[in-house]
Structures are given as structure tokens and as C-alpha cells.
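Geometric and topological summary
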Amino acid sequence: APWFCTDPLLVFFFVTAMACARLWMDAKGRRWPVGLGFFACCALATLTKGPVGLVLPCAIVVGGLLLEGRWRDLWRFPWIPGGLLYVALVAPWYVAYAMEAGQGKLSTVLLRENISRFLHAWNNVQPWYFYFGRFPLSFLPWAVFLPVTVWALVRLARPEEKPALRWIALWFVVVFVFFSA
């Protein structure tokens, strides 16, 4: 239907994946359940809107761990079991789609509608600085929180709060740069 938009559902799964990742980063004990929750949410985001549901969250997790200097945690994140869970959740849909629509349609969905569209945009082509002119209106309600986050990060935050604030700022920057590219 022309009135249906998958973006809100993508945002829901994306935000939930980010919450799971942050919980994993802040946990002291058993953290594998939220690590797997991260990948389950990425799988649901992928089923909603394509590989962006995995690419952006993983970029933010890697960037966040590197930004915090947590090199060892970069290797402790449940990449392998989480990746297997991700594939177990996503692959059945792609297999079923390929069986129903054919391999050509599947490659169109995966390659043309996602990868090629990112690398060589053909619809709604804008210059790289397009979102700078559209910010903050196009980014509501998140645009409201960015100045507050930056101000809190610089002026208010106690040392133990700064990693979470840097995480929010990194989250914004990664998404903004990705869609500007």
C-alpha cells in the first residue's frame, strides 16, 4: 500500500539493537544475552529495510568500542554466535524469496536496491552536503537531543557518564555520514 512506510519499524529495531549493545558494553557479568539481542534486533531491522539494519549498528559498536579504547572488548563482542543467529533469522526469508521470485529478483533486491543504490544513487540524488541544509528539520526529534548531548558532554557530564554521551554523539555522526555519503 502506498501509505505504508517501514522506516518507523526500522528505527524501532535499530534503537533496540543500540540499547542492547550499550547494555553489553556497560555490563559487568553475563552479557551474552544482550549481545545476542543486538544481533536479533539487527536481523529484524534487516528484514524490515535491508542490510543497513546490520551495517549501521555494527559500525557504531565498533566505533564506540574503539572510541572508548576497549580493544579487548572489540574481540569479546559475540560476533560469531551473534552472526550465526543473524543468519539463522535472516536467511530463511531470503531463501524463501529466492525460491518464490527467482535468483534474479533476489540479486536485484540485495545488490541493486541496497549496495548499488548506496554506491551509485539513482533516486533522489542530492549533493553530499544535502542533509546539512535539511538538518534539524529532517532529523526531528533526534535533532533536539544533539546540542544537549554535546553541551552535556563538554560541560556537565561526570567522567562515568561521558562514555554513554560519546556513544550517542558517535551514533548520530555515523548515521549522518552514512546517509550523506
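So, a few notes on the structure that sits alongside this text.

Reading the values: rules and limits
- Residues numbered from 1 in each chain as written.
- Predicted model: local features only at pLDDT ≥ 70, side-chain atom pairs only at ≥ 80, totals over all residues.
- Heavy atoms only, no water.
- Axes fitted to C-alpha atoms, helices over the stretch in contact; angles between N-to-C directions.
- Helix = DSSP H or I, 4+ residues; strand = E, 2+ residues; numbered from the N terminus.
- Parallel < 35°, antiparallel > 145°, perpendicular 65-115°, else oblique.
- Left-handed = near helix turned anticlockwise from the far one by under 90°.
- Contact = heavy atoms within 4.5 Å.
- Nonpolar A, V, L, I, M, F, W, Y, C, P; charged D, E, K, R; others polar.
- Phe/Tyr/Trp six-rings, centres within 6.5 Å; stacked < 30°, edge-to-face > 60°.
- Buried < 20%, exposed > 50% of the residue type's maximum accessible area, 1.4 Å probe, protein only.

For the rest of this paragraph, the subject is the packing of helix α3 (residues 52–67) against helix α9 (residues 162–180). Following both chains from N to C, one finds α3 and α9 inclined at 135°, their axes separated by 10 Å at the closest point. As judged from the angle between their axes, α3 and α9 are oblique. Our pair here, α3 against α9, has a crossing hand that is right-handed. Facing α3, whose interface residues are Val52, Val55, Leu56, Ala59, Ile60, Val61, Gly63, Gly64 and Leu67, α9 presents Arg166, Trp167, Leu170, Trp171, Val174, Val175, Phe178 and Phe179. Partitioned by chemical class, the residues of the contact of α3 with α9 number 14 nonpolar, two polar and one charged.

Enumeration over the complete set of coordinates arrives at 11 aromatic pairs. When the ring of Trp24 is compared with that of Phe77, the centres are 4.8 Å apart and the planes differ by 75°; the resulting orientation is edge-to-face. Of the two residues, Trp24 sits in helix α1 (residues 7–26) while Phe77 sits in the loop between α4 (71–76) and α5 (79–101), which places them 53 residues apart along the sequence. For Phe77, a relative accessible area of 3% gives the class buried. Their ring planes at 10° and their centres at 5.1 Å tell us that Trp93 and Tyr97 sit as a pair that is stacked. A residue pair is termed a helical-turn pair when its members lie 3 or 4 positions apart in one helix, as Trp93 and Tyr97 do in helix α5 at four residues. Given a relative accessible area of 41%, Trp93 falls into the partly exposed group.

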